[in-house]
Amino acid sequence: MFDLLKGLGTTLKYLTKKPVTISYPEVKRPVRERFRGRHELKRFENGLERCIGCSLCAAACPADAIFVDPGENDPANPISVGERYAKSYEINMIRCIYCGYCEDACPTNAIVLEHDYELSFYDRKSAVFTKDILLVPPDQGSGEPSPLLLNLNRPPNPPAQIDL
Ligand code: SF4
Ligand code: SF4
């Protein structure tokens, strides 16, 4: 009898309190600042891609979820700020464990785990996010590239002198 009354007491106590249930997906609960959700490939303010195709993120990934295929930039019409850019960039979201190692390894802050957590797939193929999905629009760039990265027009290295 005591336990029954105790249970009813708990029910009565919460009758007057504000419900904690959130009507998702109509209402989306804000996540913490450091939450790691879906990745985005960022740009600089001038629209150039931050990714320089170095593959350090792929090397750091413990789940082998990232594939980068680099391409050489055309100095007259560069795509990124480096000598190379990511011709192809893919993340397999089924493999990803959202550890953030790729973000830490990136020298240009190109890959960032943002706050989007609505990830669901009907098949394995659609879980592979390609560059066109990951890359932010040109008007969403931020920050100036480091002068160290702007080396597209530098003269080529002189040929090495070999004494025969
Ligand atoms: S968050 Fe971790 S597991 Fe996911 S792609 Fe980046 S390094 Fe790999
Ligand atoms: S996202 Fe960063 S670490 Fe990965 S290839 Fe691009 S520049 Fe390199």
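Structure first, text after, so check above.
The paragraphs below set out a description of the structure included in this document. (Residues numbered from 1 in each chain as written. Chains lettered and ligands numbered in written order. Predicted model: local features only at pLDDT ≥ 70, side-chain atom pairs only at ≥ 80, totals over all residues. Heavy atoms only, no water.)

### Observations regarding the site of ligand 1
Phase 1: For ligand 1, the set of nearby residues contains 13 residues, the closest of which are C61, C96, C99, G100 and C102.
Phase 2: Counted by class, the shell around ligand 1 contains 11 nonpolar, two polar and no charged residues. (Near = heavy atom within 4 Å. Nonpolar A, V, L, I, M, F, W, Y, C, P; charged D, E, K, R; others polar.)

### Description of the sheet that holds strand β2 (residues 66–72)
Phase 1: One open sheet holds the three strands; their spatial order is β2-β3-β5, and the pairing between them is antiparallel. What marks the edges here is a single partner per strand, and that holds for β2 and β5 (128–130). Direction aside, neighbouring strands of the sheet carry axes that sit 20° apart on average.
Phase 2: Summarising the sheet, β2 and strand β3 (residues 84–92) pair through seven bridges and their orientation is antiparallel. (Pairing = 2+ DSSP bridges. Helix = DSSP H or I, 4+ residues; strand = E, 2+ residues; numbered from the N terminus. Axes fitted to C-alpha atoms, helices over the stretch in contact; angles between N-to-C directions.)

### Considerations on the pairing of β3
Phase 1: As judged from the three bridges shared by β3 and β5, these two strands associate in the antiparallel manner. Its bridge partner being in β5, E90 is matched across the sheet by T130.

Honestly, it's all geometry; don't read function into it.
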